[in-house]
Amino acid sequence: MVDFGEILRTVGDFGFFQKLIILGLTFPNFFMSIFFSSFLFIQSDPERHCNTDWILQADSSLTTEEQLNLTLPREEDGTFSRCQMFVPVEWDIGAIREYGLNETTRCRDGWDYYDTMYDATIVTDFDLVCEKSITAEVVQITFMAGLLAGSFIFGPSAESCGRRRTTQLPVVLKLIFVTVAGVSPNVYIYIVSQFVVGAAVAGYRINSIVLATEWIGVTKRSLASCLSQMFAAVGQCSMAGLVYAIRDWRKMQYVVAGGQAFILLYIWWIPESARWLLGQGRTEEANKLICRVAAINKKKIPENLLDEVTGEREVKSEGIKAMFTSTVLMKRLFIISFAWFSINLGYFCLVLNVGKLGLNIFLVQFLFGITEVPAHFLCVWVLELIGRKKCLILTILMGSFFCLLTLAFPQDSAVVIVALVTAGKFFLNSGGSVCMVYIQELFPTSIRQTAVGCGFIAFRIAGLLSPLLNILAVYHWSIPTIVFSSLTLTSGALSFLLPETTRKDLPDSTDEAEGNRKITNKNPGSGCNMVEHNSRKSTKL
């Protein structure tokens, strides 16, 4: 019998069809970074004072300085309080001037903001200051929790529902709830919408990459994962420019919604994974797809080729149980998931700390994004040159080294620290790309999506913990760096136990994944060519 890798080589493993599907599935990652804009660019402690317009009823001719002197207490340094005001009274202005006000309270009618970097943020729109300042951190944690939930929901479900449906549904959810976030009348609706958006982002990321990878041959298999990351990096650069130009978080939500609407127009034309269809025993559907791909790639295939594919139906009976009953697969899952966890913990600790590095936030965000582009571009080449295993170990160790090196400099060395953090993020991000490629090649088709989902769960748990780890900096600024760097060093050491998978066909069964491959590829020979009308089929997917 012949396996799917042989079919793919026959119909074209990196033809025009593969290029179309890679572009269509990786482009939406451009917007992935922009989803973070509403809670990254917030100026968490803006200049402000309580709204005390109540006193204007007593005398509407008061100057701003007089109004503030009469209605706001002062701090020890002589500045007006930013979180307290005097309790409003119903006296006339003469009595207020003569006797003054002494009893204080929290701001009752909101705040007046001034000297702000942005026109509007979630902090200024929802008044997330003073006793509500922790809510900004809650938003970050909620979004990360959504990413985690999406990994739970959309990862394993793709084994039964298919890669295509679990790629399309997140696009719809993102469009709806990004728009809901933009029109949110209060912070609670905004938080709920961010949770759903986070879940949809995770679901799309998992399934789109696997769907693209399962259509690509061994020599270009890393391209889907690395291009997804590259588009996300370009999105980071664009986010800095867009926020700098727009300065209004609601308008940014509408920009992202417009991008999602464009993606929604073509996502329905993306086909299902033929490898998954064969694994489910849906040979007729797979046959039609393979014929269409052959026509698009202008290849001719023997009429009896698909009749020889019988092994894939056996895969269906393995299920998720195969992973948890195989010592080899469980060991691999733990090592690669732990590596992904430690990389993402460090990555998001750095990303969510972007406004506290001592330089202009727009410049730092742009530097973070622009350095990731070559990271993922080089990753495609380096993965084939030195292999998955060495590449993973190298990126993890180098990322840890540069992050730990920041501890050797005082906190006020902003330029040096930003340079070292950017270098560390460069390698950590490359390590994330390697993990995404590696985990798909370590597990068979029957449980590949489940394994990727489990890896993403570990990946997202790290994202959820990163804001909490950053909070520990109040005890000492070095604690977050020490914790995530220690974990990445440990995962780098464990990665020595993983096998190399470069230039090997994706395994379709547990035996193949464990190295007990018994399938011998047959040469399809020069049997009958596809009938002429098949090669003339429309190239529309």
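The residue numbering used here restarts from 1 in each chain and proceeds along that chain's sequence as written. The model is predicted, so local features are restricted to residues of pLDDT at least 70 and side-chain atom pairs to those at 80 or more, both for listing and for counting; the totals for chains, interfaces and linings are taken over all residues. The side-chain figures draw on all heavy atoms in the structure; neither hydrogens nor water molecules are used.

Caption draft 1: Structural view of the overall build of the protein. Each helix and strand counted, the protein has 24 helices and four strands in total. Referenced to the eigenvectors of the C-alpha coordinate spread, the extents of the protein come out at roughly 105 × 50 × 35 Å. In the protein, which comprises 541 residues, the share counted as buried stands at 59%. Note on contacts: a residue pair qualifies if any of its non-hydrogen atoms lie within 4.5 Å across the two residues. Contacts in the protein between residues far apart in sequence, at least 24 positions, make up 81% of those at least 6 positions apart. Here a helix means four or more residues in a row that DSSP labels H or I, a strand means two or more in a row labelled E, and each is numbered from the N terminus. Buried, partly exposed and exposed residues are distinguished by accessible area as a fraction of the type maximum, computed with a 1.4 Å probe on protein chains only: under 20%, between the cut-offs, and over 50%, respectively.

Caption draft 2: Structural context of the confidence of the model for the protein. When pLDDT is averaged along the protein, the result is 84, and 90% of the positions lie at 70 or above. Summarising per-element confidence for the protein, the mean pLDDT is lowest in helix α24 (residues 532–535) (38) and highest in helix α9 (residues 165–182) (95). Considering only residues more than four positions removed or in separate chains, one finds that residues 310–317, a stretch of pLDDT under 50, has 16 contacts. The low-confidence segment residues 517–541, where pLDDT is below 50, has 47 contacts with residues more than four positions distant or belonging to other chains. Values of pLDDT, ranging from 0 to 100, describe the predictor's confidence in every residue of the model.

Caption draft 3: A look at the side chain of S337. In this structure, S337 sits in helix α17 (residues 327–351). When residues no more than four places from it in sequence are discounted, the contact partners of S337 are C454, G455 and A458.

Caption draft 4: Region of interest: unusual backbone geometry. The phi dihedral of D127 is positive, around 55°, even though this residue is not glycine. Considering the arrangement of structural elements, one finds D127 in the loop between α6 (122–126) and α7 (134–154). For D127, a relative accessible area of 19% gives the class buried.

Caption draft 5: Focus on a nonpolar patch on the surface. A cluster of nonpolar residues, I461, L465, L468, I471, L472, V474 and Y475, forms a patch on the protein surface that exposes about 650 Å² of accessible area. The residue V474 is located in the loop between α21 (445–471) and α22 (479–494) in this model. Among the residues examined, V474 registers a relative accessible area of 67% and is labelled exposed. By definition, no residue in a patch forms a salt bridge, and every one has over 30% relative accessible area; like charges are joined within 9 Å, nonpolar side chains (Val, Leu, Ile, Met, Phe, Trp, Tyr) within 5 Å. Surface exposure here means Shrake-Rupley accessible area, sampled with a 1.4 Å probe, where a residue is shielded only by the protein chains that are shown. Should a side-chain nitrogen of Lys or Arg be within 4 Å of a carboxyl oxygen of Asp or Glu, the pair is scored as a salt bridge.

Caption draft 6: Structural detail: the environment of I189. Residue placement: I189 occurs in helix α10 (residues 187–213). Residue I189 is classed as partly exposed on the basis of its relative accessible area of 35%. Note: C-alpha distance between I189 and F177 (12 residues apart in sequence) is 10.0 Å. Not counting chain neighbours up to four residues away, the residues in contact with I189 comprise V180 and S184.

Caption draft 7: Seen up close, the nonpolar core. Ranked by internal contacts, the top residues of the largest apolar core, which has 96 residues, are I122, Y190 and W215. The element contributing the most residues to this core is α10, with nine residues. Setting aside its immediate chain neighbours within four residues, Y190 contacts S38, F39, I122, F126, V139, A181, S184 and W249. Put simply, a nonpolar core is a bunch of buried Ala, Val, Leu, Ile, Met, Phe, Trp, Tyr and Cys residues held in one set by side-chain atoms that sit within 4.5 Å of each other. Core analysis: the next-biggest nonpolar cluster, separate from the first, contains 48 residues, I396, V418, L428 and I447 among them.

Caption draft 8: Fine view of the pattern of salt bridges. Taken as a whole, this structure holds 14 salt bridges when the rule is applied. Here R82 and E47 are joined by a salt bridge, their closest N and O atoms 3.7 Å apart. Here R82 is found in the loop between α4 (64–71) and β2 (84–86), whereas its partner E47 is found in the loop between α3 (37–40) and β1 (48–50), with 35 residues between them in sequence. Using a relative accessible area of 35% as the deciding quantity, one classes E47 as partly exposed. Residues E214 and R163 are paired through a salt bridge, measuring 2.8 Å at the closest nitrogen-oxygen approach. Taken together, the residues span a long stretch of sequence, with E214 in the loop between α10 and α11 (223–246) and R163 in the loop between α8 (157–161) and α9 at a distance of 51 residues. Comparing E214 with R163 shows no difference in burial state: the two are buried.

Caption draft 9: Quick peek at the packing of helix α19 (residues 388–405) against helix α20 (residues 414–442). Axis definition: a line fitted to C-alpha atoms, limited for helices to the stretch in contact. Angles are taken between N-to-C directions and run from 0 to 180 degrees. Here α19 crosses α20 at 155°, and the two axes come no closer than 8 Å. As the angle between them shows, α19 and α20 are arranged roughly antiparallel. In the packing of α19 onto α20, the handedness of the crossing is left-handed. Mapping the contact onto sequence places R388, K389, C391, L392, T395, M398, G399, F402, C403 and L405 in α19 and L420, A423, G424, F427, L428, S430, G431, V434, C435, V437, Y438 and E441 in α20. Put simply, angles under 35 degrees are roughly parallel, angles over 145 are roughly antiparallel, angles from 65 to 115 are roughly perpendicular, and the rest are oblique. A crossing counts as left-handed when the near helix is turned anticlockwise from the far one by less than a right angle, and as right-handed when that turn is clockwise.

Caption draft 10: Structural view of the side chain of S81. Checked against the element boundaries, S81 lands in the loop between α4 and β2. In terms of polar contacts, S81 uses its side chain to reach the side chain of E75, at 3.3 Å. A 3.5 Å cut-off defines polar contacts: any pair of N or O atoms within that distance qualifies, except that in protein one atom must be a possible hydrogen donor and the other a possible acceptor, and neighbouring residues in sequence count only when both atoms are side-chain atoms. Here the side chain of S81 touches Q84 through a polar contact of 3.0 Å, landing on its backbone nitrogen. Discounting residues that sit within four places of it in the chain, S81 has contacts with H49, L72, P73, R74 and E75.

Caption draft 11: Just the state of the cysteines, in detail. The criterion for a disulfide is a pair of cysteine sulfur atoms lying within 2.5 Å. Overall, the coordinates contain two disulfides when judged by the stated rule. Residue C50 pairs covalently with C107 via a disulfide, S to S 1.7 Å. Here C50 and C107 share a disulfide; its torsion about the S-S bond, -60°, makes the bridge left-handed. Here C107 lies in the loop between β3 (104–106) and β4 (111–113) and C50 lies in strand β1, a separation of 57 residues in the sequence. The disulfide partner of C83 is C130, and the gap between their sulfur atoms is 1.9 Å.

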